[in-house]
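Remarks on the overall topology
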Amino acid sequence: MSRSGAAAVAVAVVLAVVGCTTAEPPASSGSTETSAVAGTPSPESSVSVSPSPAATGPHREVEFPAADGEPVAGRFFDGRDAGSGAREAATVGVVLSHMGRSVDGPDDWQAYAESLADRGYLVLTYTERGQYDEIWNDVLGGVSYLRDEGATTVIAAGASIGAMASLYAASEREASGIDAVLWLAGVLNSSGYAFEEKGVEGLDCPVLIVAGEDDTYGAGSDAETLHGWTSGFSELLLLPSRYHGTDILTLERPRTARKLRRAMDDFVDRVAEERPGECTAG
């Protein structure tokens, strides 16, 4: 059976066509099923989320085609420009996909993207389309862009809707170009993405699953479930936080934010060292 046929049989991750949506997964107090208004602060959260400051760091503005041909605006951080601290050959790339609330965007990943580039990695952030169930096409386009720039190993990393799109992209195509997935505060059934055990248990590549234990969108419990399905090749980190996704980096206590950043750095470094090969299902 061809890889595309195997993916169709073994990967039962279902992408429901739900049309254009405008908010993140609904917030909850322990379950992903809730009637709360999506994208609004949950009752247990008293912190308002503001847009991240506009990016000013070293990158170049780029445009690349998504897998379905849609143009995507991005920022490319070239680790080959990092000087003496850069790796000899910057052949590992990281696509960073942001969350989906109205205040979210590529600026949420700016500081982390700069730090990865300072260490010699090729990094791409981008502005996701508003139609959430098509963002996986943006992820695949970003992966192809980094491959064209010379990356031979690519990690698809995302927060919330970006995590969901990254995992789906890794399992959707016969040749996704994705070698590892970093899932930060995704949920298993929302915004047009519905993941099931039979669809992800055979996804043979490194996966780092991270969430706050008390994430107000239910990402903590979903992280445990996803790790249970993929325990043979995934790692799980639950943080003492109620914040969602990249908000942990900017709003959480410094100790917890540093723990998240260190875990992501260690994962990227391990993938760079091991070069696991492209994700496959089966």
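Here, every reference points to the structure presented above.
Now for a quick tour of the structure.

The rules we used
Every chain's residues receive numbers from 1 upward, in the order its sequence appears when written. Local features are withheld for residues below a pLDDT of 70 in this predicted model, meaning they are given only at 70 or higher, and side-chain atom pairs are given and counted only at 80 or more; totals for whole chains, interfaces and linings count all residues. With hydrogens and water excluded, all non-hydrogen atoms of the structure serve as input to the side-chain values. By nonpolar core is meant a set of buried Ala, Val, Leu, Ile, Met, Phe, Trp, Tyr and Cys residues that side-chain atoms within 4.5 Å join together. Residue burial is assigned from relative accessible area. The probe radius is 1.4 Å, only protein chains are included, and a residue is buried under 20% of its type maximum, exposed over 50%, and partly exposed in between. Think of it this way: any DSSP run of H or I at least four residues long counts as a helix, any run of E at least two long counts as a strand, and we number them from the N terminus. Note on pairing: two strands pair once DSSP finds at least 2 bridges between them. Helix axes use the C-alpha atoms of the stretch in contact, all axes being lines fitted to C-alpha atoms, and the angles between their N-to-C directions lie in the range 0 to 180 degrees. Any two residues whose heavy atoms approach within 4.5 Å at even a single point are treated as in contact. Each residue after the first adds 1.5 Å to the expected span of a helix. Each Phe, Tyr or Trp ring, with Trp reduced to its six-membered ring, pairs with another whose centre is within 6.5 Å; inter-plane angles below 30 degrees give stacked pairs, above 60 give edge-to-face pairs, and intermediate values give tilted ones. Two conditions define a charge sitting above a ring: the NZ of Lys or the CZ of Arg must be within 6 Å of the ring centre, and it must be within 35 degrees of the ring normal.

**Overview of the nonpolar core**
One finds Leu146, Ile178, Trp183, Tyr193 and Phe195 to be the most contacted residues of the largest nonpolar core, which totals 78 residues. Here the element with the most residues in this core is helix α4 (residues 161-172); it accounts for eight residues.

**A short note on the sheet that holds strand β10 (residues 207-212)**
Pairing in this open sheet of eight strands is mixed, and the strands run β2-β3-β5-β4-β6-β7-β10-β11 from one edge to the other. Looking along the sheet, the strands with just one partner apiece sit at the ends: β2 (60-65) and β11 (234-239). Across the sheet, the mean angle from the axis of one strand to that of its neighbour is 20 degrees, orientation sign disregarded. Taken together, the five bridges between strand β6 (residues 153-159) and strand β7 (residues 180-184) define a ladder with parallel strand orientation. Across the sheet, residue Gly158 finds its bridge partner in β7, namely Trp183. Sheet strands in contact with helix α2 (residues 110-118) are β3 (71-78), β4 (92-97) and β5 (122-126), and its direction is about 45 degrees off that of β3. Across the face of the sheet, helix α8 (residues 254-274) comes into contact with β4, β6, β7, β10 and β11 while running at roughly 170 degrees to β11.

**Examining unusual backbone geometry**
A positive phi is found at Ala185, a non-glycine position, where the angle reads about 65 degrees. Its location among the elements puts Ala185 in the loop between β7 and β8 (189-190). The backbone of Arg275 shows a phi angle near 45 degrees, a positive value even though the residue is not glycine.

**Here we look at helix α3 (residues 135-148)**
For α3, with 14 residues, the first-to-last C-alpha span of 20 Å sits near the 20 Å given by 1.5 Å per residue. Of the positions making up α3, those classed as buried are Ile135, Trp136, Asn137, Asp138, Val139, Leu140, Gly141, Gly142, Val143, Tyr145 and Leu146. Immediately beyond the C-terminal end of α3, within one or two residues, lies Gly150, with a positive phi of roughly 115 degrees.

**Comments concerning the packing of aromatic side chains**
Two numbers describe a pair of aromatic rings. These are the distance of the centres and the angle of the planes. Enumeration according to the criterion identifies seven aromatic pairs in this entry. Measuring from ring centre to ring centre gives 5.9 Å for Tyr168 and Tyr193, while their planes differ by 70 degrees; the resulting arrangement is edge-to-face. Residue Tyr168 is located in helix α4, and its partner Tyr193 is located in strand β9 (residues 193-194); the two are separated by 25 residues in the primary sequence. With respect to burial, Tyr168 and Tyr193 carry one shared label: buried. The rings of Phe64, Phe76, Tyr126 and Tyr145 are connected pair by pair, giving a single aromatic cluster. The ring of Tyr243 carries the charged tip of Arg242 above its face, separated from the ring centre by 5.0 Å.

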